[in-house]
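Secondary and tertiary structure notes
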Amino acid sequence: MTQRLCPVWMGYVLLNPLRRLIENPKKLFGELVRPGMLVIEAGCGMGYFTLALASMVGPSGRVVAVDIQEGMLSVLRKRAGKRGLSERIETRLATDDTLPLQDLSGRADLVVALHVVHEVTDPEQFLSELTRTLKPGEVFLLAEPRGHVKAEEFEESVRSLMVMGLQEEKRYKDLSSRISILKK
Ligand SMILES: C[S@@+](CC[C@H](N)C(=O)[O-])C[C@H]1O[C@@H](n2cnc3c(N)ncnc32)[C@H](O)[C@@H]1O
């Protein structure tokens, strides 16, 4: 099991509405999300980004939200229910070994991994399993916190994705994150 796993209590901290001032989901996703998309979000936590994704994909879209902690997913389901978004969000529980996404190979219109790779025991395998779900030509959005993840560590994740056949389209930083947009 990873040494750096975000505790469930921290999941609540990450829902603080003030976070929007430094990390606004709608701004981050911008043009990347369209109605009707199938979006896979790995390491969703309690759904700070998930609910925004679900509202952006609209009633015909779907977000598959994966986390390794049931404590995170159960809070996400409650939050989705309160906002009438349950139909659009499917939660799946990962194990330390694998992501439960085998049935979605080549089906995702967008994959997002936001502030999670630094917690994962085997980042290469994690990124490879996610990449496999993406349709050719579609986008992988990777973001890591600047506080915990140094430039070289982020570079290593981007390099792994490029070895897996993705091409980096854009790299930038905001107040809190290092961000890369890659295409399959
Ligand atoms: C720092 S939190 C970020 C949560 C959310 N992405 C956000 O930014 O608010 C990292 C999340 O990744 C999850 N996680 C860690 N390792 C994972 C793995 N191998 N597979 C899926 N989720 C994982 C943790 O349980 C935690 O909820």
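Within any chain, residue numbers begin from 1 and follow the written order of that chain's sequence. For this predicted model, a pLDDT threshold of at least 70 governs which residues receive local features, and a threshold of 80 or more governs which side-chain atom pairs are given and counted, while totals over whole chains, interfaces and linings are taken from all residues.

**Some thoughts on the site of the ligand**
- Throughout this description, a residue near a molecule or strand is one whose C-beta atom, derived from the backbone, lies within 6 Å of it. Surveying the vicinity of the ligand reveals 23 residues, the closest of which are C6, G43, G45, Y48 and A94.
- Its residues assigned to classes, the shell around the ligand comprises 15 nonpolar, six polar and two charged. The nonpolar class holds Ala, Val, Leu, Ile, Met, Phe, Trp, Tyr, Cys and Pro. Asp, Glu, Lys and Arg form the charged class, and all remaining residues, Gly among them, are polar.

**What to know about helix α4 (residues 70-82)**
- For α4, with 13 residues, the first-to-last C-alpha span of 19 Å sits near the 18 Å given by 1.5 Å per residue.
- In this scheme the burial state of a residue depends on its C-beta neighbours within 10 Å: 20 or more other such atoms mean buried, 12 or fewer mean exposed, and anything in between means partly exposed; the C-beta positions come from the backbone. Note on conventions: DSSP H or I runs of at least 4 residues are helices, E runs of at least 2 residues are strands, and numbering of each starts at the N terminus. Listed in full, the buried residues belonging to α4 are M72, L73, L76 and A80. End-on, the buried residues of α4 take up no more than an arc of 90°, which puts them together on one face. Exposed residues on α4 whose side chains face more than 90 degrees from its buried face are E70, K78, G81 and K82.
- Here, residue contact means that the backbone-derived C-beta atoms of the two residues sit within 7 Å. Contact partners of the buried residues in α4: α1 (8-13), α3 (50-57), β2 (62-67) and β3 (89-93).
- One or two steps after α4, the chain reaches G84, where phi turns positive at roughly 70°. Take the number of residues in a helix, subtract one, and multiply by 1.5 Å to get its expected span. Of all possible arcs, the one meant is that of the directions from the helix axis to the C-beta atoms.

**With respect to the sheet that holds β2**
- The strand order β3-β2-β1-β4-β5-β7-β6 describes an open sheet built from seven strands, whose pairing is mixed. Pairing within the sheet leaves two strands with one partner each, and these edge strands are β3 and β6 (167-173). Along the sheet, successive strands turn relative to each other by an average axial angle of 15°, direction set aside.
- Relative to strand β7 (residues 177-183), β6 is paired through six bridges, and the arrangement is antiparallel. Paired with Q167 across the two strands is K183, which belongs to β7.
- Note on method: axes are straight lines fitted to C-alpha atoms, helices fitted across the in-contact stretch only, with angles between N-to-C directions ranging 0 to 180 degrees. Of the strands in this sheet, β2 and β3 are in contact with α4, which crosses β3 at around 170°. When DSSP finds at least two bridges between two strands, those strands are taken to pair.

**Examining the pairing of strand β4 (residues 108-114)**
- Taking burial as the measure, the seven residues of β4 include seven buried ones, the bulk of the element.
- Relative to strand β5 (residues 134-145), β4 runs parallel, the two being bridged by six bridges. Within the sheet, the bridge partner assigned to L110 lies in β5 and is V139.
- When the strands point away from the viewer and the path from the first strand over the helix to the second turns clockwise, the crossover is right-handed. The handedness of the β4 to β5 crossover, carried by helix α5 (residues 123-133), is right-handed.

**A short note on the nonpolar core**
- Counting 46 residues, the largest nonpolar core has V39, V111, A113 and F140 as the members making the most contacts within it.
- For this core, the secondary structure elements donating two or more residues are β1 (38-42), α3, β2, α4, β4, α5 and β5.
- For V111, the contacting residues outside a window of four places in its chain are I40, L130, T133, L134 and F140. Here a nonpolar core is just a set of buried residues of the types Ala, Val, Leu, Ile, Met, Phe, Trp, Tyr and Cys, joined wherever their C-beta atoms sit within 7 Å.

**Structural notes on the pairing of β2**
- With six of six residues buried, β2 is to be regarded as a mostly interior element.
- Neither face of β2 is left uncovered, since the one carrying R62, V64 and V66 and the one carrying V63, A65 and D67 both have all their residues buried.
- Here β1 pairs with β2 via five bridges, running parallel. When the bridges of β2 are listed, L38 appears paired with R62.
- In this structure, β2 lies alongside β3, joined through five bridges in parallel fashion. Paired with A65 across the bridge in β3 is T91.

**Structural notes on helix α6 (residues 151-163)**
- Between its first and last C-alpha, α6 extends 18 Å over 13 residues, near the 18 Å set by a 1.5 Å rise per residue.
- Listed in full, the buried residues belonging to α6 are F154, S157 and L161. Taken end-on, α6 shows its buried residues confined to a sector of 60°, consistent with a single buried face. For α6, the exposed residues set more than 90 degrees away from the buried face come down to A151, E152, R159 and V163.
- A positive backbone phi angle near 105° is found at G165, which sits one or two residues after α6.

All we've got here are geometric facts, nothing functional implied.
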